[in-house]
Amino acid sequence: MSQGASTDVMEHKKGKYVHIGDAEEPELGIYDKPLPCFGCGIGWFSFLLGFVCPLMWYYATILYFGNYYHKDPRERSGLAASAIAALICTVVVIIVVAVILL
């Protein structure tokens, strides 16, 4: 039996990543393609752009909780960072509004 990656459907349902390679080029995998948004991914791009427009953090948070990172697991860290930034931004806005109104 081979020690390589299995393409068994049951292992894929358990959450294990399966390397999908090309028959002619075995090192070419599914995650070798560059990420969108200038190569840094939607999550990190939204995180950086969120400092200019904080609504981007909330957009990335919706993607994070919508499990967008299942399409490409490299997106998970950027989307999580944006979700944390959205949480911090929300807390700061609530504190500022409470101080101004009280």
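Look above for the structure.
Residues numbered from 1 in each chain as written. Predicted model: local features only at pLDDT ≥ 70, side-chain atom pairs only at ≥ 80, totals over all residues. Heavy atoms only, no water.

**Some points on the packing of aromatic side chains**
Counted under the stated rule, the structure contains 4 aromatic pairs. Between Trp44 and Phe47, the aromatic rings sit 5.6 Å apart at their centres with planes inclined by 90°, giving edge-to-face as the arrangement. Taken as a pair, Trp44 and Phe47 lie in helix α2 (residues 41-49) at a separation of 3 residues, close to a single helical turn. With 5.2 Å between their ring centres and 90° between their planes, Phe51 and Trp57 make a pair best called edge-to-face. (Phe/Tyr/Trp six-rings, centres within 6.5 Å; stacked < 30°, edge-to-face > 60°. Helix = DSSP H or I, 4+ residues; strand = E, 2+ residues; numbered from the N terminus.)

**A closer look at the packing of α2 against helix α3 (residues 55-65)**
Two elements in contact, α2 and α3, have axes whose closest approach is 8 Å; the angle formed by their N-to-C orientations is 155°. One element, α2, and the other, α3, form an angle in the roughly antiparallel class. When the axes of α2 and α3 are compared, the crossing they make is left-handed. Contacts between α2 and α3 involve Ile42, Ser46, Phe47 and Leu49 on the former and, on the latter, Met56, Trp57, Tyr59, Ala60 and Leu63. (Axes fitted to C-alpha atoms, helices over the stretch in contact; angles between N-to-C directions. Parallel < 35°, antiparallel > 145°, perpendicular 65-115°, else oblique. Left-handed = near helix turned anticlockwise from the far one by under 90°. Contact = heavy atoms within 4.5 Å.)

**A few points about the packing of α2 against helix α4 (residues 76-101)**
Running from N to C, α2 and α4 point in directions that differ by 30°, and their axes come no closer than 6 Å. When the axis of α2 is compared with that of α4, the two are roughly parallel. Here α2 and α4 pass one another in a crossing that is left-handed. Across the interface between the two elements, Gly43, Trp44, Ser46 and Phe47 of α2 pack against Ser77, Gly78, Leu79, Ala81, Ser82 and Ala85 of α4. Here the contact of α2 with α4 is composed, by residue class, of 5 nonpolar, 5 polar and no charged. (Nonpolar A, V, L, I, M, F, W, Y, C, P; charged D, E, K, R; others polar.)

**Brief notes about the side chain of Ser82**
You can see Ser82 is positioned in helix α4. Given a relative accessible area of 0%, Ser82 falls into the buried group. For Ser82, the side chain forms a polar contact with the main-chain nitrogen of Phe47, separated by 3.3 Å. Setting aside its immediate chain neighbours within four residues, Ser82 contacts Gly43, Ser46, Phe47, Trp57, Ala60 and Thr61. (Buried < 20%, exposed > 50% of the residue type's maximum accessible area, 1.4 Å probe, protein only. Polar contact = N/O pair within 3.5 Å; in protein donor to acceptor, adjacent residues only side chain to side chain.)

**Considerations on the nonpolar core**
Ranked by size, the top nonpolar core spans 7 residues in total: Ile42, Ala60, Leu63, Tyr64, Tyr69, Leu79 and Ala83. Breaking this core down by element, the ones donating at least two residues are α3 and α4. In this view, Leu79 contacts Gly43, Ala60, Leu63, Tyr64, Tyr68 and Tyr69; residues no more than four positions away in its chain are not counted. (Core = buried A, V, L, I, M, F, W, Y, C linked by side-chain atoms within 4.5 Å.)

**Here's the deal with a nonpolar patch on the surface**
On the surface, a nonpolar cluster with roughly 940 Å² of combined accessible area is contributed by Ile84, Ile88, Val92, Val93, Val96, Val97, Ile100, Leu101 and Leu102. In this structure, Ile100 sits in helix α4. Residue Ile100 is classed as exposed on the basis of its relative accessible area of 64%. (Patch = residues over 30% accessible without salt bridge, like charges linked within 9 Å, V, L, I, M, F, W, Y side chains within 5 Å. Areas by Shrake-Rupley, 256 points an atom, 1.4 Å probe, with all protein chains shown as cover. Salt bridge = Lys/Arg side-chain N within 4 Å of Asp/Glu carboxyl O.)

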